[in-house]
Amino acid sequence: MTRTAPLHLLLLALLGGGLAWFLETALAASGNAILIPPFTLGVVLALIGVILVVMALPVRRVARGVAGAKVDPFYATRVLVLAKASSLSGALLGGAGISITAYLLTRSVVPGVGSVAMALTLAVGSIVLLVGALVAEHMCALPPDDDKRNDPPQTRGIQ
């Protein structure tokens, strides 16, 4: 599996930000209440990022060749897939959180501090999730195999 490309993360953050800005604008223009993310959402996203790094620690020990370290290959695959999905989700929600915060601060009537703090919590929690996921993905990477790089290219059928 390849590492998460920074361009993909940037595009997802821009997509999340654009969709959140459009949704907030459409809700305000139609006279409905705008969406304010709950405070707990940002906290839970940050906790998932921390838990993901803790889950990747056994995989890192095996990848670094620590004596006696063993891990189920399916566990390592699950951690890696969760890290990849969390990095993409963190980018999308981080863009949305930053966009909602910017939308609230650019209104002619600034909402209460609690609303801005909740939107900012979503942005910070999403960024913590993104960073934790990228760290976990890095921890699950195998070191390069020197034996394969030094061998001559294999040819099939030619003797």
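Before going into details, it helps to say that this report is about the structure given with it.

Criteria and cut-off values
- Residues numbered from 1 in each chain as written.
- Predicted model: local features only at pLDDT ≥ 70, side-chain atom pairs only at ≥ 80, totals over all residues.
- Heavy atoms only, no water.
- Phe/Tyr/Trp six-rings, centres within 6.5 Å; stacked < 30°, edge-to-face > 60°.
- Helix = DSSP H or I, 4+ residues; strand = E, 2+ residues; numbered from the N terminus.
- Buried < 20%, exposed > 50% of the residue type's maximum accessible area, 1.4 Å probe, protein only.
- Axes fitted to C-alpha atoms, helices over the stretch in contact; angles between N-to-C directions.
- Parallel < 35°, antiparallel > 145°, perpendicular 65-115°, else oblique.
- Nonpolar A, V, L, I, M, F, W, Y, C, P; charged D, E, K, R; others polar.
- Expected span 1.5 Å × (residues − 1).
- Contact = heavy atoms within 4.5 Å.

**Side note on the packing of aromatic side chains**
Two measures describe an aromatic ring pair: the distance that separates the ring centres and the angle between the ring planes.
Okay, step 1: Counting across every chain of the model gives one aromatic pair.
Okay, step 2: Ring geometry for Trp21 against Tyr103: centres 5.2 Å apart, planes inclined by 90 degrees, an arrangement best described as edge-to-face. Within this pair, whereas Trp21 is found in helix α1 (residues 6-29), its partner Tyr103 is found in helix α3 (residues 73-105), the two being separated by 82 residues in sequence.
Okay, step 3: Its relative accessible area of 35% is what places Trp21 among the partly exposed residues.
Okay, step 4: Classification of Tyr103 by relative accessible area gives buried; the value is 5%.

**Some points on the packing of helix α2 (residues 39-63) against helix α4 (residues 113-139)**
Okay, step 1: Packing of α2 against α4 brings their axes to within 7 Å, and their N-to-C directions diverge by 10 degrees. As judged from the angle between their axes, α2 and α4 are roughly parallel.
Okay, step 2: For the contact of α2 with α4, the residue count by class is 20 nonpolar, six polar and one charged.

**Re α1**
Okay, step 1: Relative to the 34 Å expected for 24 residues at 1.5 Å per residue, α1 spans 34 Å between its end C-alpha atoms, a close match to the ideal helical length.
Okay, step 2: Burial in α1 covers these residues: Leu9, Gly16, Gly17, Ala20, Glu24 and Leu27.
Okay, step 3: Where the residues of α1 are buried, they touch α3 and α4.
Okay, step 4: Phi for Gly31, located one or two positions after α1, is positive at around 90 degrees.

Fair warning: the whole summary comes from geometry, so function is off the table for now.
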